[in-house]
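Chain residues, written in single-letter form:
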Amino acid sequence: PASQSYPDVTAVVLNWSRLPNVVRIASLLCGPWLEDVIAEIVVWNNSPREISYQTFAKTGCPSEKLRIYNSPQNAYFQARYIACEQATTRFCFLQDDDYLITPEIIRTLHARALGTPDHSIHLLPSHEVLSSQLRTVVTSYGAHTSPAWLGHGTILPRTGASEFLALLYHLNASEDEMKMADNYFTILNNRIPEIWFDQGIELGGGQPFSVGMEGDERNKIHIIKACQYLDTLLSAVRASSQEELPFIEVDTVTPASPHQIFQAPCLGASCLLQTNIRLLPSDMKAEAHSTGDIFMQESRSRRSLGEDAVDHYLRFPPSQAVDGRPDTAFRSPLPAQPGDFVSLDMLSRMGSAAFAVEMALLVTRETVDILRQSLFESSADAVNWVTSTHALVCEETELNELRDFGSAPSKLQECKVQSQETNHRFFRMSLQVDIPSPAHWMIYDFWIRWSV
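Residues numbered from 1 in each chain as written. Predicted model: local features only at pLDDT ≥ 70, side-chain atom pairs only at ≥ 80, totals over all residues. Heavy atoms only, no water.

## With respect to the overall build of the protein
A tally of helices and strands in the protein yields 11 helices and 22 strands. Counting every position in the protein, which comprises 452 residues, the buried fraction comes to 54%. Partitioning the intrachain contacts of the protein with sequence separation of at least 6 by distance along the chain shows that 81% fall at a separation of at least 24. With an accessible surface of roughly 20,000 Å², the protein has 50% of that area assigned to carbon and sulfur atoms. Looking at charge distribution, the protein has the averaged site of its 35 positive side-chain charges lying 2 Å from that of its 54 negative ones. (Helix = DSSP H or I, 4+ residues; strand = E, 2+ residues; numbered from the N terminus. Buried < 20%, exposed > 50% of the residue type's maximum accessible area, 1.4 Å probe, protein only. Contact = heavy atoms within 4.5 Å. Areas by Shrake-Rupley, 256 points an atom, 1.4 Å probe, with all protein chains shown as cover. Lys, Arg positive; Asp, Glu negative; His and termini not counted. Charge placed at Lys NZ, Arg CZ, Asp CG, Glu CD.)

Here is the structure:
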């Protein structure tokens, strides 16, 4: 992977009404575990109550690493883009003051951003991932976009923030639109955003800004306005009356998503789970007449999905296969199909050692049937894969399955397969054949470990 030896991320945290949270977040961002990633922390204070370095004295954050800006007025969300534009680093990490993002997840975001440095990566809780997925619009005139929030944790290139602001200035966006910039960011980028299911730890406290129906309605108005701006820009581009525009992608065709990859960072270790297992029925259409259909499309999709499918999506997201907890699981809504895969990117090669490397899983009996028909592979580059010739070994544990499925919960199975190579970075299992009786993937935990 591309690597760098010095910290190249500026973290931007907005403060409004939860100062104790901001102090806690700053001490985490300043910690030794991120010293080779985070170069500077900017606390942008939108509150009329001024704050000073003294407030953060106990965080252990040196004053040269922590920059506090008391905004003369509440700049709302545009503040994060201005702070990022003014940074000197290659990347910015943005987050609100009501969420805790653990250092290993920030490291995972950073490692992946180094590999694809041209776009943002957004962490979102599962209900927001679903919203973004259902609000994806692809039109015949070159729009391929979707809204995604930034406050749950987003990494982006600094140039992305400055180009976005330049586009808003070009559009002559009103002060109100500038303040609500988060509603415009991914839509005007005209690229279906890269979104990961987060391991969100909510901090709560204070008074949130976007709250209840009023906040939702305000956001909807701005999202529709962003779509109108996008349509105007695309028609100017088509008419060739437009010089090259910053930020907006006009020629990348994003395929509609039959092969969508879902991603989730691990909790407790730096790694990334990736899977192509369908989380929604395949007939969810992203094609629309115009971007203005975005909310109509979402409500139509929600109706056709039905409550049970939405509930399943929210209760069993892929992030629960890598949260280190035996009481949460990722479950596929549909039975396993040939071609399904689940993989882990360990972000760097495991290194050659005297020990073997094992893929380990905590699963249901039903999932063991899938694993017995699966291929276990590893790779240094995610292009050339080496198949393991070792046998799958499964043992019953003392842990019970969740009670939702089946009347009497049976015991979970711990399965392991030794990898063919130790010095690899990517590890995956993929189902190769049809399974005689329908079985669902249900993964309580998936991890890579050394074995003696």
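What follows continues from the structure just given.
## Let's talk about the sheet that holds strand β14 (residues 330-331)
Spatial strand order, β14-β22-β16-β20-β19: five strands in an open sheet with antiparallel pairing. Strands at the two margins of the open sheet, each flanked by one partner only, are β14 and β19 (393-400). In this sheet, strand β20 (residues 411-418) lies alongside strand β16 (residues 356-363) in antiparallel orientation, the contact comprising six bridges. Paired with Glu-358 across the strands is Gln-418, a residue of β20. (Pairing = 2+ DSSP bridges.)

## A few points about the packing of aromatic side chains
Considering all chains together, one arrives at nine aromatic pairs under this definition. Consider the rings of Phe-197 and Phe-262, whose centres lie 6.4 Å apart with planes at 55°: the pair is tilted. Remark: Phe-262 occurs in strand β12 (residues 262-265) and Phe-197 occurs in strand β10 (residues 194-197); sequence separation between them is 65 residues. There is no split in this pair, since Phe-197 and Phe-262 are both buried. A network of ring pairs unites the aromatic residues Tyr-81, Phe-164, Phe-185 and Phe-247 as a single cluster. (Phe/Tyr/Trp six-rings, centres within 6.5 Å; stacked < 30°, edge-to-face > 60°.)

## Describing the packing of helix α5 (residues 158-170) against helix α7 (residues 182-189)
As a packed pair, α5 and α7 sit with axes 11 Å apart at the nearest point and diverge in direction by 95°. What the angle tells us is that α5 and α7 run roughly perpendicular. Contact residues: α5 offers Gly-160, Phe-164, Leu-167 and Leu-168, while α7 offers Tyr-184, Phe-185 and Leu-188. Residue composition of the contact of α5 with α7, grouped by class: six nonpolar, one polar and no charged. (Axes fitted to C-alpha atoms, helices over the stretch in contact; angles between N-to-C directions. Parallel < 35°, antiparallel > 145°, perpendicular 65-115°, else oblique. Nonpolar A, V, L, I, M, F, W, Y, C, P; charged D, E, K, R; others polar.)

## Here we look at the environment of Asn-400
Among the structural elements, Asn-400 can be located in strand β19. The spatial distance from the C-alpha of Asn-400 to the C-alpha of Pro-117 is 43 Å, given a sequence separation of 283 residues. Looking at Asn-400, its side chain comes within polar contact range of the side chain of Lys-411, at 3.1 Å. (Polar contact = N/O pair within 3.5 Å; in protein donor to acceptor, adjacent residues only side chain to side chain.)

## Thoughts on the nonpolar core
Counting residues in hydrophobic clusters, the biggest one holds 47 residues, and the most contacted among them are Leu-344, Leu-371, Trp-441, Ile-443, Phe-446 and Ile-448. For this core, the element with the highest residue contribution is β16, accounting for four residues. Setting aside its immediate chain neighbours within four residues, Leu-371 contacts Leu-361, Val-363, Phe-376, Leu-392, Cys-415, Met-429 and Trp-441. (Core = buried A, V, L, I, M, F, W, Y, C linked by side-chain atoms within 4.5 Å.)

## Some thoughts on a nonpolar patch on the surface
Taken together, the side chains of Phe-355, Trp-450 and Val-452 make up a nonpolar region of the molecular surface, amounting to roughly 370 Å² of accessible area. Topologically, Trp-450 is positioned in strand β22 (residues 442-451). What makes Trp-450 partly exposed here is its relative accessible area of 38%. (Patch = residues over 30% accessible without salt bridge, like charges linked within 9 Å, V, L, I, M, F, W, Y side chains within 5 Å. Salt bridge = Lys/Arg side-chain N within 4 Å of Asp/Glu carboxyl O.)

## Some details on the state of the cysteines
The final tally for this structure, using the stated rule, is four disulfides. Through a disulfide, Cys-84 is tied to Cys-92; the S-S separation comes to 2.1 Å. Because the torsion about its S-S bond is 95°, the bridge between Cys-84 and Cys-92 counts as right-handed. This pair shows no difference in class: Cys-84 is buried, exactly as Cys-92 is. Paired by a disulfide, Cys-266 and Cys-271 hold their sulfur atoms 2.0 Å apart. Its S-S torsion of approximately -115° makes the covalent link between Cys-266 and Cys-271 left-handed. (Disulfide = S-S within 2.5 Å.)

## A short note on the side chain of Asn-190
Relative to the elements of secondary structure, Asn-190 occurs in the loop between α7 and β10. For Asn-190, a relative accessible area of 0% puts it in the buried group. Looking at Asn-190, its side chain comes within polar contact range of the main-chain oxygen of Gly-142, at 3.0 Å. Discounting chain neighbours no more than four positions away, the residues touching Asn-190 are Gly-142, Ala-143, His-144, Thr-145, Leu-230, Leu-234, Ile-248 and Glu-249.

## Some remarks on unusual backbone geometry
Residues other than glycine predominantly adopt negative phi, and peptide bonds predominantly adopt the trans conformation. The backbone of Asn-190 sits at a positive phi, close to 55°, despite the residue not being glycine. Here the phi dihedral of Ala-382 falls at roughly 65°; this positive angle occurs in a residue that is not glycine. Within the element layout of this structure, Ala-382 appears in the loop between β17 (374-379) and β18 (385-387).

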